[in-house]
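Chain residues, written in single-letter form:
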Amino acid sequence: QHYFIQSNLSSEMGYKFAIDRGGTFTDVFVEYPDKSQHVYKLLSEDYHYRDAPSEAIRRLISRYEGFEMGYPIETKNIDWIRMGTTVATNALLERKGEPMAFCVSKGFKDLLHIGNQARPSIFDLTCKCPGVLYSNVVEVDERVIPGKENCGIFPENSVGVIVEQQLDKVKLTKNLINLRNKGIKSIAVALMHSYCFSEHELEVEKIALELGFTNISLSHKVMEMIKIVPRGHTACADAYLTPHIQVYLKGFMSNFRDNLKGVSLLFMQSDGGLTQASTFTGSHAILSGPAGGVVGYAQTSPTGVPLVGFDMGGTSTDVSRYAGKYEHVFETTTAGISIQAPQLDINTVAAGGGSCLVFRAGLFVVGPESAGANPGPACYNKGGPLTVTDANLVLGRLRPDHFPCIFGPGEDEPLNEAAAREKFAVLTEEINGYLKRDMSVEEVALGFIEVANETMCRPIRALTQAKGHDTSQHYLACFGGAGGQHACSIARSLGMRKVHVHKYSSILSAYGIALADVVHDTQRHCGLKFEEENWKQINMMMETLREECRVKLGEQGFENVHLTTFLHMRYQGTDCALMCSASDPSSYLSNDGSYLETFESNYKTEFGFTLSGRDVVVDDVRVRGVGKSEINFKDEDYGRLKEQQEKEIQIYFAGGYHKSKLVELKTLKLGSHITGPAIVLDENSTILLEPGSSAEMTSSGLEITIEESSSKALTTDLDPIQLSIFSHRFMSTAEQMGRVLQRTSISVNIKERLDFSCAMFDSAGGLVANAPHIPVHLGAMQEAVQFQLKHCGDGLAEGDVLLSNHPCAGGSHLPDMTVITPVFFPGISKPVFFVASRGHHADIGGLTPGSMPPTSQTLEDEGAAIYSFKLVENGVFNERGVTEILMAPGKIPGNSGTRNLADNISDLKAQVAANQKGILLIQELMREYGVEVVQAYMNHIQKTAELSVRELMKTVSADTIARTGKSELVASDQLDDGSPICLRVALDPVKGGAVFDFTGTSPQVIGNLNAPRAITLSAIIYCLRCMVGYDIPLNQGCLIPIQTVIPKGSVLDPNSGAAVIGGNVLTSQRIVDVIFLAFSSCAASQGCMNNITFGSEEGGYYETVGGGAGAGPHWEGRSGVHTHMTNTRITDPEIIETRYPVLVDHFSLRPGSGGAGLHRGGDGLVRKLRFRRPLTLCCLTERRSTAPYGMNGGGEGAKGRNLLMRARDGQVVNLGGKCAVKVSPGDVFVLETPGGGGWGCPDNEKTHQSEERKRSRVDAMPGNTTHGKFPRVEATGSVAQYVRNQESA
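The paragraphs below set out a description of the structure included in this document. All figures in this text were calculated on a predicted structure; none of them were measured in a lab.

What to know about the pairing of strand E10 (residues 186-190)
Step number 1: By the criterion of burial, E10 is predominantly enclosed, with five of the five residues buried.
Step number 2: The two faces of E10 match: Ser-186, Ala-188 and Ala-190 on one face and Ile-187 and Val-189 on the other face are all buried.
Step number 3: By the bridge criterion, five bridges tie strand E6 (residues 100-105) to E10 in an arrangement that is parallel. Across the sheet, Ala-101 pairs through a bridge with Ile-187, a residue of E10.
Step number 4: Pairing between E10 and strand E11 (residues 215-218): four bridges, direction parallel. Bridged to Ile-187 within E11 is Ile-216.
Step number 5: In terms of handedness, the path from E10 via helix H5 (residues 199-210) over to E11 forms a crossover that is right-handed.

Focus: the nonpolar core
Step number 1: In this structure, Phe-17, Ile-57, Ile-81, Leu-1177 and Phe-1229 are the most contacted members of the largest nonpolar core, which totals 85 residues.
Step number 2: With residues near it in sequence (within four places) discarded, Phe-1229 still touches Ile-1092, Arg-1167, Lys-1168, Leu-1169, Phe-1171, Leu-1177, Cys-1179, Asn-1202, Leu-1203, Leu-1204 and Leu-1215.
Step number 3: Counting 68 residues, the second-largest nonpolar core is a separate cluster that includes Val-949, Met-1027, Val-1074 and Cys-1082.

Some remarks on the environment of Gly-1226
Step number 1: Relative to the helices and strands, Gly-1226 resides in the loop between strand E54 (1218-1223) and strand E55 (1228-1232).
Step number 2: Residue classification places Gly-1226 among the partly exposed residues on the basis of a relative accessible area of 21%.
Step number 3: Along the sequence, Gly-1226 and Arg-1206 sit 20 residues apart, while their C-alpha atoms lie 7.5 Å from each other.
Step number 4: Apart from the residues within four sequence positions on either side, Gly-1226 is in contact with Ile-153, Arg-1170, Phe-1171 and Ala-1207.

Things to note about the sheet that holds strand E15 (residues 317-322)
Step number 1: As summarised here, the arrangement of the eight strands in space is E20-E15-E14-E23-E24-E35-E34-E31, forming an open sheet in which the pairing is mixed. The open sheet has two edge strands with one neighbour each: strand E20 (347-349) and strand E31 (673-675). Taken over all neighbouring pairs, the strand axes of this sheet differ in orientation by 25 degrees on average, direction set aside.
Step number 2: Bridge analysis of strand E34 (residues 693-698) against strand E35 (residues 701-706) gives six bridges, and the strand direction is antiparallel. Bridge pairing in E35 places Ala-695 opposite Ile-704.

Re the packing of aromatic side chains
Step number 1: Scanning the entire structure with this criterion turns up 31 aromatic pairs.
Step number 2: Centroid distance Tyr-15 to Phe-17: 6.0 Å. Interplanar angle 15 degrees. Geometry classified as stacked.
Step number 3: Residue classification places Tyr-15 among the buried positions, given a relative accessible area of 2%.
Step number 4: Take Phe-17: its relative accessible area is 0%, and that puts it in the buried class.
Step number 5: One aromatic cluster is present, built from ring pairs that chain together Tyr-15, Phe-17, Tyr-32 and Tyr-64.
Step number 6: Note that Arg-622 overlies the ring of Phe-566, its terminal NZ or CZ placed 4.4 Å from the centroid.
Step number 7: In this structure, Arg-1167 packs its charged tip against the face of Phe-1147, placed 4.4 Å from the ring centre.

Definitions and cut-offs
Residue numbers here run from 1 along each chain, matching the order of that chain's written sequence. Residue-level local features of this predicted model are given only where pLDDT is at least 70; pairs of side-chain atoms are given and counted only at 80 or more, and the full residue set underlies all totals for whole chains, interfaces and linings. Think of the side-chain values as coming from all heavy atoms in the structure, minus any hydrogens and water. For every residue, the accessible area (1.4 Å probe, protein chains only) is compared with the maximum for its type, and the residue is labelled buried under 20%, exposed over 50%, or partly exposed between those bounds. Where helices and strands are cited, they refer to DSSP runs of H or I of at least four residues and of E of at least two residues respectively, numbered from the N terminus. Think of it this way: DSSP has to see at least two bridges between two strands before they count as a pair. Orient the strands so they point away from the viewer, and a crossover whose first-strand-to-second-strand path over the helix runs clockwise is right-handed. By convention a nonpolar core is built from buried Ala, Val, Leu, Ile, Met, Phe, Trp, Tyr and Cys residues, the set being connected through side-chain atoms within 4.5 Å. The criterion used for residue contact is that any of the two residues' heavy atoms lie within 4.5 Å. In this analysis, axes come from line fits to C-alpha atoms, helices being fitted only over the stretch in contact, and the angle between any two N-to-C directions falls in the range 0 to 180 degrees. Two rings belonging to Phe, Tyr or Trp (six-membered ring only in the last case) form a pair when the distance between their centres is within 6.5 Å. Interplanar angles under 30 degrees mark stacking, angles over 60 mark edge-to-face geometry, and anything in between is tilted. Charge over a ring is defined by NZ of Lys or CZ of Arg lying within 6 Å of the ring centre and within 35 degrees of the ring normal.

Geometric values such as these leave the question of function open.
Quick look at the structure:
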C-alpha cells in the first residue's frame, strides 16, 4: 500500500530508506533518486519472504527501476538505510534471546532472581514474577567495598574504594571453562561497585575473551550507574539480546550484495538517536520502533505548543510528551526486566485495537488482554473475541472495503462485520439480562469505545496534569493505525482544542527515523559533592566524555558535533536525582552556577520546593553528542492531480446514526476544510471527525479543531457505561492526589519509598476509590474517616482539615498519619464527600528512632497518638498545635518527642495539598455532572464491588457445601508467643454473604502484636480481592456482604493503650494466613515482614525482607518475595553500603526452606549484614517458633532464624524473634527468613482430584471468561513504573 509525494529530502542522488519493523507490520519511507517520496507497508512475518525490510527494499527498487530485482539486492544506488526494529523487544517478551550466563560477586548468586523482592501484582497469590534471562550463574571470588569515615573495620580508608578481596583468577577460569563446555558463548558481568571500580570486571572480560566467549557484557560499560540490581539486569539484557540482534543484522545484510558494503546502515535507539549497526546493542534497542514515532511527531507537529503523542496500535497505545525537548527516563521495566539506559519516556497503555471487551460485574471492561494478530478481533473471522476494532466496525467507523482481503482461515477474505455483530448481539443480550435494560448493539459498542477512550486518557493525565502541566494547553499529535478513530473523543475528554494528524501518520515512526539525528550518549559515575573544590575533577570528566563523543561521531563523518553535558544531581540523603544541563549545554563548571540553578529550578518544578542548606551530590556525568542529519524536506499539496471526492455514509454516535461524509485524504488540497461528522481515509489509517469538530488540510497534514461541548446530561440512575467511566475518573483522582503528595513531600519514606495511600470517600465516609493499593491500608482509612465523622458530628466546617493516627480511631500504627478533609458544596450544609491521605512518617517520637520499638508494651512507647485534631481550621494551618502534639512523647521518661519535626510538618502540609488536589478534581466532576449524579455514581461503584464479592461468596459456598455438606469454614493459627487467632466463617449461599467471626482469638497481649480493628478489615478486603481473581473496585462495597465479629479487648481489637506496632507488620500477616486456611486457598506464605532496623542517634535504616510464598493447587510457591500484606522494595546493596555503616556480605535464597509437596513452597532468604560502626540492631519478626502451614498434605515451610555472629569471640547468638541489641564493628547479623508451605502430596490420588476441582472452581469464577486465553498487555513507561513502585512501597 503506497502513494507518492514530491519532496526535497536530501541533495544526494540515491535511494534513502527509513524502516520501522513492527510486530505486525513493517512500515517503510523511501526517497527515490528523483526526489519523489513513497510510503509502503507490508506484514512483518510472511511465508513468501525471509525478511520484511529486505523484501520491502527489493520491491520498491524493482518498482522504480521497472524490472523485478532478485536477491542479493544491488546496493550501488542506495545512499542509506535507517531502521527501527522490535527484534530485541520481541526476543525479551518471548524469552528467545541468546543462552547466556551471569557472573556476579560471591554471595549474590540469586540477586537478580530476588530483584527488589516485590511481586508485580499484589493480588496474585501465585506471586508470578518474570524469570531471569540467564541459565547459569558464576559467583566470582572478589570483593570491593566503599571507603567510609569512622569505619571500625578499615579505619585507614575513609574515601574511595577498598579492595577487600582480589579476584581469584584460577577459580574463575575453571568456572568459565565449565560454562563453555555447556555451550554458553555469551556472559554478563556485574560485580559489586564496578560503577566506580571497573578493574575486576575488565579482568573477567580478559579471561573470558581468551577462553573464546563471543559476547561479554560488562555492567560498567553497559551503564555506569550505582545500583547493582538494575545494572545487572541491564547487562544480562545486553548479553541476552545483542547476539540475537547481531544474528538478525547478519541475516539482513546478507540479503544485499557485498553485505551492504559502502552503504550507511543506522539503527534507532531507545533514546531517540541513531547509531551504527556495529554499536546497536540489546540494552539500547528496547524502544527502537516507538522512539521513531516520538521523533516523528516532535519534528513535524506545530511548534511553540506542548504536544502529547498518541500512537494507538493493534495491541496497545503509546503516549508521550514533547515540549521543545525530549523527555528521557533512565530506569524502566520491560517484560519484568529492569533496564538502566537512556530511553524516551514512552508510556504503553493496555488498550489498542485488539483489546478484548468484557462485561464483568456490571462494568464495561477494555483490556488488558489482547486478541493480537492471531486470532485477532472477531471480524478477522478466525474465532477471536470482541475487541475495540469490532466496536468501531459495527459503528460504521471502519470501512471493510478499505481493507485488503487478508482475513479468515485462508487469509483471503474481507473484514467480517457480520461476525462482529453476531458476537455483539450475544454480549448485548447478556448485558440487558443483567441490567434489566434494552440496549442496542450500537449502544453497547459505543459504550466500550467510551470506556477505551477513558482508559487511554488516564496515563495522559498522569503525564501532564499530575506533573503540574495543563493538559488542555497541549495539542494531541495522533499517529498509528488506530489512533485516528479515537483522537477527537480523547482530545475532547482532556479539554484539548487541537489534534494534529501528519500526512504520514500511519508510518510516522518510519518517517521519524528518517528525520532523526545520529547520537552517541556516554556516562560516567561521579559521586562528588557539587562544590568548588570538586569542580576541576568534574570538568575533567566532562571533557573526557565530550572528546569520546567527538571521536565516535567523527568516525561517522560528522565534523560539527552538538554536545550537551548533563549532571545527574540530587540532594544529599535523598534518592530523587535529576538529569540537569546548564543554560549553555557546552559550559564547564564555574562561578556562574548554571548547573545548580537548573537543578534547583527543575527540582522546584517537579516537587514544588527546594531544600535550602542541603548539600548537592553529582551522581553521574553524562554527555550526549548529536551529529545532525541536516535533512530538509518541502511539504507539498496532497491533491495535485485529483479533485476532492466525498461520499455519504452513516456513522453511529451518541443518540443514533448520523449522516456523514467519507473523504479520501489524498484528494484534499491545501486549505481544504471538512466539518464533522466525517471519515477521512488515508491509505493505511482511518480518521474520524466527530460532530462538533472540523479539520483543515495544511502542508503537513490535517489539523483538527475540537469545539467545546456541553456536559453529557446524566441522571442518578445507573448507566453501566458511565459507571465504567466514573470508575476510571475516581481512580484517576486518587492517583493524582498521590502524585501531588509525592511531589510536595520531603521525607524519604513518602517521596522516595512512596509509603502512602490516597483515597476518596462518600458523604457517609464509605470508601469509593483508593490508589494505589498498599494492602495494609485497604479499607483501613474508611474506619478513620467514619470515626471522625461520628466524633466531630456537626462540628466540621469548610476550611477544616483533620489529623488522626490512633488505633482506636481507625489507625493502623502510629507512624501512619491520616489527614482527612471534608468537602462542602455551595448550598449544602454537610460535607458531600471526603478525601484523605495516609503517609508513613519516619519518626513521631517514642522509645526508639523510627518509632517502631520491637519491645514496646504500651502505646505511649510508640510515639504521639492522635484521636482527632484540627490540623487546619478555617483555612489556617495549626503548626504550633501539631508541634506540641508531636513533641509531647518527650515528656514521658525514657521516651522522646519526634526526632524530625521539620519533615513531619512538611509532609503534613504535603498531605493537605494532596487532599486539595482531590477536592479540585471531584468538584470539577460535580460542576460537570451535578452533585447528585456524582454522589449517585459513588454509590453505584460501591454496589459493583458488593456484587463481585457476593458472586464470590456464592461460588465458595457452593464448593464448600459440595465438599463438606456444610456452609461453614473454620480455621485457627497462632503467633509465636502462642496467642491463637481463630476464625469461623458462616456462608450464605443464597445472598452471597458471610459472617467472619473471630471469637476465640487471644486477648490482647503485653507486647506490641496487638492489631487495631482496621487491620483485620484490610486483611479481609485483601483476601477477598485475591479470591475474586479479577480487578474490582476496592471500596466499602467489598465489605457490605461481610459481617465481622471481633471480640473487644482481643489481640485484633485491643484497648486504647495497647502497643500495636507489631500488629500492623506481623499480626496482619497471620490474619491473612488464617483466612486463606479457612478457604483452603493456598498454603501459608512466610507470615512475616522481617522488620530489621539498625542505627544510632545520628540516624538509622529500616527494611523489611521477603521470604517464601505458599504453594497452591496449581502453582509452586515463589522464592524470595514479599507476600500478602506488604510488598516493600528492598534497597539496592550498593546504595546500602554507600550510605550506611554496613556491608551486605550475602543475599541469596535459602535452599530447601520451602515446604515439600505436589507443589513446593517458595524458599526464604539468607541475608548477612556486617556492621562497620557501633550500632543498635532491632528485630521485629514472626514465624520463629511456629512454621508456615502446608495444605492438602503439603509440608510446612521452614521457620525463620535471627543470628548474630560476634567478631570479638566468634560466638553465634540466637537473637529470637524480637530484640534490640548493641552490635560492634565486624559483627555479622544473619537473617534466615521463613519458607512457604507446600501444597499436596504427590502420592495421594485424592489430592490430584482436589486439585482438578479447585482448578475448575477458579476457572468458573465470575469474570474469568477470557482470562488465560489471550495475553495480557504489559503497561510500561514512567507512569506504570510509578504505580509499580507505590504498590511495592
